[in-house]
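Results of the structural survey
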Amino acid sequence: MRALYFDGHGDTSALTVGERRRPVPGPGEVLVAVRAAALNHLDLFVLRGMPGIPIGLPHIGGADGAGTVAATGEGVAGWREGDEVVLNPGLWCGTCEFCSRGEESLCVRFGIVGEHADGTFAEYVKVPASALGRKPGHLAWPEAAAFGLTFLTAWRMLMTRARLMAGESVLIHGIGGGVALAALAIAKRVGATVFVTSGSDDKLSRARELGADRTINYTAGDVVREVRAETAKRGVDVVVETVGQATWMTSLRCAARGGRIVTCGATTGPSPSEELRLVFWNQLSILGSTMGSRADWQAMVRAVEEWQLRPVVDTVLPLERGREGYERMAGGGQFGKIVVDVSGDAPVGKRGA
Ligand SMILES: [Zn+2]
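Everything in this summary refers to the structure shown in the same document. (Residues numbered from 1 in each chain as written. Predicted model: local features only at pLDDT ≥ 70, side-chain atom pairs only at ≥ 80, totals over all residues. Heavy atoms only, no water.)

1. Some words on helix α10 (residues 294–306)
Taking 1.5 Å per residue, 13 residues should reach 18 Å; α10 reaches 18 Å between its end C-alpha atoms and fits that length. Residues of α10 that are buried: D296, W297, A299, M300, V301, A303 and V304. Downstream of α10 by a residue or two, Q308 has a phi angle that is positive, lying close to 55°. (Helix = DSSP H or I, 4+ residues; strand = E, 2+ residues; numbered from the N terminus. Expected span 1.5 Å × (residues − 1). Buried < 20%, exposed > 50% of the residue type's maximum accessible area, 1.4 Å probe, protein only.)

2. Side note on the sheet that holds strand β2 (residues 15–19)
As summarised here, the arrangement of the three strands in space is β2-β1-β4, forming an open sheet in which the pairing is antiparallel. If you trace the sheet from one side to the other, it starts and ends with β2 and β4 (59–60), each paired once. The sheet contact formed by strand β1 (residues 2–6) and β4 spans two bridges and is antiparallel. Among the inter-strand pairings, F6 is bridged to a residue of β4, identified as H59. (Pairing = 2+ DSSP bridges.)

3. Some remarks on the sheet that holds strand β16 (residues 285–288)
Strand order in this open sheet of six strands is β13-β12-β11-β14-β15-β16, and the pairing throughout is parallel. Across the chains shown, the open sheet's two edge strands, defined by having one partner strand only, are β13 (214–217) and β16. Recorded for the sheet is a direction-independent mean angle of 20° between the axes of neighbouring strands. In terms of strand pairing, strand β12 (residues 193–198) meets β13 through four bridges, oriented parallel. (Axes fitted to C-alpha atoms, helices over the stretch in contact; angles between N-to-C directions.)

4. Focus: the coordination of the zinc ion
Each protein donor to the zinc ion is listed here as C93 (SG), C96 (SG), C99 (SG) and C107 (SG); together their distances run 2.3 to 2.4 Å. Taken together, the four donor atoms coordinating the zinc ion span angles of 103 to 118° at the metal, a pattern that classifies the geometry as tetrahedral. Sequence spacing of the donor residues for the zinc ion, all on one chain, is C-x2-C-x2-C-x7-C. For C93, a relative accessible area of 26% puts it in the partly exposed group. (Donors = N, O, S within 2.8 Å, 3.2 Å for Na, K, Ca; no water. Tetrahedral: all angles 85-135°; square planar, octahedral: opposite > 155°, others 65-115°.)

And the structure:
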């Protein structure tokens, strides 16, 4: 099968498109013929190599994907060849203390497709049958491939961890990233007032088109002052943190008394300065979140279908040009998801460029 893979860690020049052996599904596994796959920051980290997380080489990246069931392994029930599916990128053991109580993303052996196993940047990928979800009917293949990881992550952050309610206010840093855009879509549908930030006026105007209520350019103004001004000094109920070091103090200062800050990542660095007085005096809750449980996945896929949510697709590239997708991700200029069209039949191009 054709695949985008790398033989050694490094920059994007380590990526090659070539032939790899088609995987064979074992018991409980399904072979999916990939129609489209999508990039995440994780793919860059895996390509560069992460200390303490050895992966087998050569390696195929890609956590997100959508396609059709091509074969089922022994003991797989409920899925047939030809079923149109989306993939939960989470991998869990199913037997540990946390899996046993339905907290699969706390699994002691938790892994991610495309990191701990070969991923979706290939004509076929092998996944546990429990990872499948029905492809929402209103989404084209590139969209279906583009929502799994980010909408799952944003769903758990807002719904399961922060328990966002209608009428509350949310601050989302760095609109343009996949999780940030998924959080915007979900928070608006829940009925929250949403503040977003970016250093780009273009990204902010696109966010307004997607329903953002207040937009703040952090290069032109002070985020804390603007959030406080817009909320009569109160602050917001929930802050969605994916940025880390660069925004952490802003998050603490923007949260209302009793507010919740929910974090799933630290793309600008893991060790921000901290102001504990703000945490205890304002009685803030700092909530960590990673991917989502099986129940989160099922609820999220159902919500995407019922609420007709759509991920924002930045660019669609054929598999042969997948390296350009990694480069665009590394450059950070994207607004939405970078999709690799594996089947070769989606219109290729860049939105608005
Ligand atoms: Zn487990």
